[in-house]
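Structural characterization, general
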Amino acid sequence: MSNLAALPIILPLLAGILAAFIPKKRTLVRIGSQIFTVTHLLLVIWIFLQVKNHGSLVLETGDWAAPYGIILVGDMLSMTLVLTTNIVAVACVFFAPKSLSEQQESFYFYSFFLMLIAGVSGAFLTGDLFNLFVFFEVLLMASYGLIVLGNGKAQLRESLKYVLINLFSSMLFVTTISFLYSVVGTVNMAQIAERVQEVEQRGVLTTIAIMFFFVFATKAAVFPLYYWLPRPYISPNPVVSALFGALLTKVGIYSILRTFTLIFNQDVELTHTLFIYLAGLTMLFGVIGALSTNNVKLIIAYNIIPAVGFMLMGIGLFSEVSISGTIYYLVHDMIIKGVLFLLIGAIVYVAGTSDLRKMGGLIHHYPVLGWLFFVASLVLAGIPPFSGFIGKLLLLRGSLAQEEIIIVIVALVSSLLILFSMIRIFIRGFWGEKTELSYPERKRKGNKMAWPVAGLLSLSILLGMGAEWFYPSIQSIAEYLMNPEIYIDSVLKE
């Protein structure tokens, strides 16, 4: 059964390689990718149920026992995120043909897409820090291919910025791993968690922890390291933007969550208190960015940043309730960011512009897109009873239990401003008098774009309205993370 832990990585990787051999057979590659992605989702659901019912899957590749071999750990946290990744992937693979040009489809989009899913899944499933670095590079190489898919000076400029920032953070990542290895003599996360308890030089360990946080915070776009994010995420095709917005920053947040609950939990007063301050600043500056522009794509991209702040807030509070809130909000945000980037891509396509000042009256021609966007805005802002509200409620409960009143105020103000930034798009873009269609030939295709989005949005709504079904599993994951010895014992089989 442990071999199942490798399938979410190996299968999309092989499918991506196979698609690379036949790039000109667009219809075959497109339909094959769609069939594969749906089938793979069903397989991941089955693996998830196996983990839920029978416990974590630990694969020691090549029969090399931990901590010496490459270890894959499919626990409830990693499989929940792998499952969410594949749900987003299904929506994106059906949206892609409606969004991509024939040229873009022919230039290995589906290969890079599948390799990105493999890299993200590998980052969630790996059991050692060096292979976390390896899977970061896999997903980044796939993202490099996706971000340059297209043409134009702006896209090339933002692609170069994206590549350079990630190259720098990757160099720092592998350097920090080497520092930690020199202290504890291993890269296996379970064994590191054991050995850090014996390290006498606590200051050195705290310094290494902050270096790791700097690396992961750059990937996750935490204040003040978010400066690179908004424009590279809006320069490629909308389906690529949806993949980036839904998945890439979340790998950074997952890495912080995993390492700072399992490994770096000795100096909570310093590290986790720092997280709370940075979370508040991340929320405020992200929302300010969203309110400062009339580019609808940028508004959605900037709204990634306050969501990162909410998730970091839960890690900083470091309680069972707050960690539950972080996990719930993480799953919620992966889905809703996919929804919003796909929706805004469709809206920009039918309107012919991303400038909010040049839009108006779209609801008369595209009522489905309009109301989908309105509901998605409520979900993002955390209006009850949607999924954003459940995650924020847990985070606020955790904050109030620890009397962190300032972060509660910041979170509430940020939520209101997020809602304002989104409703501004709805009122100015969709409301108003009925006008003639600027691009009437795009109407049919624009309406078709709504259906993959509607399916994904319905899951987000279910995550909120069906919270009593999902919360026990999320709570059990939080309990598991707050007791790292369970992870250590399952991997090292002590």
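Within every chain, residues take consecutive numbers counted from 1 along the sequence as written. Totals for whole chains, interfaces and linings use every residue, but because this is a predicted model, local features are given only for residues with pLDDT of at least 70 and side-chain atom pairs only at 80 or more, for both listing and counting. Each side-chain value is derived from all of the structure's non-hydrogen atoms; neither hydrogens nor water enter the calculation.

Turning our eyes to something else, we now look at the packing of aromatic side chains. One pair of aromatic rings is described through two measures. These are the centre distance and the angle between the planes. Side-chain rings of Phe, Tyr and Trp (the six-membered ring for Trp) are treated as a pair once their centres are within 6.5 Å; stacked means planes under 30 degrees apart, edge-to-face means over 60, and tilted covers the remaining angles. Inspection of every chain in the model, using the stated rule, returns 30 aromatic pairs. An angle of 80° between the planes, with centres 5.9 Å apart, marks the rings of Tyr144 and Tyr162 as edge-to-face. Of the two residues, Tyr144 sits in helix α6 (residues 129-147) while Tyr162 sits in helix α7 (residues 153-184), which places them 18 residues apart along the sequence. For every residue, the accessible area obtained with a 1.4 Å probe (protein chains only) is divided by the maximum for its type, and the residue is called buried under 20%, exposed over 50%, and partly exposed between those limits. Since its relative accessible area comes to 2%, Tyr162 is described here as buried. Through successive ring pairs, a cluster of aromatic residues spans Phe130, Phe133, Phe136, Phe173, Phe212, Phe213, Phe216, Phe260, Phe264 and Phe275. Either the NZ atom of lysine or the CZ atom of arginine qualifies as a charge over a ring when it sits within 6 Å of the ring centre and within 35 degrees of the ring normal. The side chain of Lys24 reaches across the aromatic face of Phe107, ending 5.2 Å from its centre. Put simply, DSSP H or I for four residues or longer makes a helix, DSSP E for two residues or longer makes a strand, and each gets a number counted from the N terminus.

What follows is about helix α14 (residues 304-317). Its 14 residues place the ends of α14 21 Å apart at the C-alpha level, agreeing with the 20 Å of an ideal helix rising 1.5 Å per residue. Among the 14 residues in α14, 14 count as buried, and that is most of the element. At the exit of α14 stands Phe318, carrying a positive phi of roughly 55°. One fewer than the residue count of a helix, multiplied by 1.5 Å, yields its expected span.

Bringing the layout of surface pockets into the picture now. Cavities and pockets were defined on a 1 Å grid built over protein atoms only: a cavity is a set of grid points that admits a 1.4 Å probe from which the probe cannot escape, a pocket is an open set flanked by protein on both sides within 12 Å along at least five of seven lines, and lining residues are those with an atom within 4 Å of any such point. Grid points are joined across faces, edges and corners, and a volume is the space filled by probe spheres set on the points. Of the pockets and cavities examined, the largest pocket occupies roughly 440 Å³. Lining the largest pocket are 19 residues, with Phe48, Leu83, Val331, Leu463 and Phe470 positioned closest to its centre. Considered class by class, the residues forming the lining of the largest pocket number 15 nonpolar, three polar and one charged. For this classification, Asp, Glu, Lys and Arg are treated as charged, while Ala, Val, Leu, Ile, Met, Phe, Trp, Tyr, Cys and Pro are nonpolar and the rest, including Gly, are polar.

Note: pLDDT gives the predictor's confidence per residue, expressed from 0 to 100. Across the chain, the average pLDDT comes to 90, with 98% of residues at or above 70. The secondary-structure element of the chain with the lowest mean pLDDT is helix α19 (residues 443-448), recorded at 78, while helix α5 (residues 109-125) shows the highest, at 95.

In this section: empty space enclosed by the protein. Within the structure shown, the criterion is met by five cavities of 30 Å³ or more. The space that makes up the largest cavity amounts to roughly 70 Å³. Residue lining of the largest cavity: Phe136, Leu139, Leu140, Tyr162, Asn166, Lys219, Trp228, Tyr233 and Leu248, and that is the complete set. Those elements that place two or more of their residues in the lining of the largest cavity are α6 and α7. When residues of the lining of the largest cavity are assigned to their parent elements, the largest contribution, three residues, is made by α6.

On to the side chain of Ser159, then. Mapped onto the elements of the fold, Ser159 is located in helix α7. Note on contacts: a residue pair is in contact if any heavy atoms of the two residues lie within 4.5 Å. Look past the residues within four positions of Ser159 in its chain and what remains in contact with it is Ile147 and Val148.

Time to look at the pattern of salt bridges. What counts as a salt bridge is simple: a side-chain nitrogen of Lys or Arg found within 4 Å of a carboxyl oxygen of Asp or Glu. For the structure shown, the criterion picks out nine salt bridges. Residue Asp333 pairs with Lys337 through a salt bridge whose shortest N-O separation is 2.6 Å. Highlighted residues: Asp333 and Lys337, both in helix α15 (residues 320-351), separated by four residues, approximately one helical turn. For the salt bridge of Arg357 with Asp355, the shortest nitrogen-to-oxygen distance reads 3.1 Å. Here Arg357 falls in the exposed class, since its relative accessible area comes to 57%.

What follows concerns the nonpolar core. Phe109, Met313 and Phe373 are the most contacted members of the largest nonpolar core, which totals 192 residues. No other element matches α15, which puts 20 residues into this core. In contact with Phe109, other than residues within four places in its own chain, are Ala96, Leu100, Gln104, Leu146, Leu149, Val239 and Val240. Residues grouped as a nonpolar core are buried Ala, Val, Leu, Ile, Met, Phe, Trp, Tyr and Cys residues, joined through side-chain atoms within 4.5 Å.

Side chains three or four residues apart in an α-helix point the same way, a direct result of the helix having 3.6 residues per turn. The terminal C-alpha atoms of helix α21 (residues 467-481), which comprises 15 residues, lie 20 Å apart, in line with the 21 Å expected from a rise of 1.5 Å per residue. For α21, the complete set of buried residues consists of Ala467, Ser473, Ile474, Ile477, Ala478, Tyr480 and Leu481. Along the axis of α21, the buried residues cluster in a sector spanning 160°; they form a single face. Along the arc lie the directions from the helix axis toward the C-beta atoms.

Moving on, we come to the packing of helix α3 (residues 76-99) against helix α20 (residues 450-465). Axis definition: a line fitted to C-alpha atoms, limited for helices to the stretch in contact. Angles are taken between N-to-C directions and run from 0 to 180 degrees. Relative orientation of the contacting elements α3 and α20 amounts to 165°, with a least axis distance of 8 Å. In this view, α3 runs roughly antiparallel relative to α20, as classed from their interaxial angle. Here α3 and α20 pass one another in a crossing that is left-handed. Facing Ile87, Val88, Ala91, Phe94 and Phe95 of α3, the residues of α20 in contact are Pro452, Val453, Leu456 and Leu459. For classification purposes, an angle smaller than 35 degrees is called roughly parallel, one larger than 145 roughly antiparallel, one from 65 to 115 roughly perpendicular, and anything else oblique. Crossing handedness: left-handed means the near helix sits turned counterclockwise from the far one by under a right angle, and right-handed means the same turn made clockwise.

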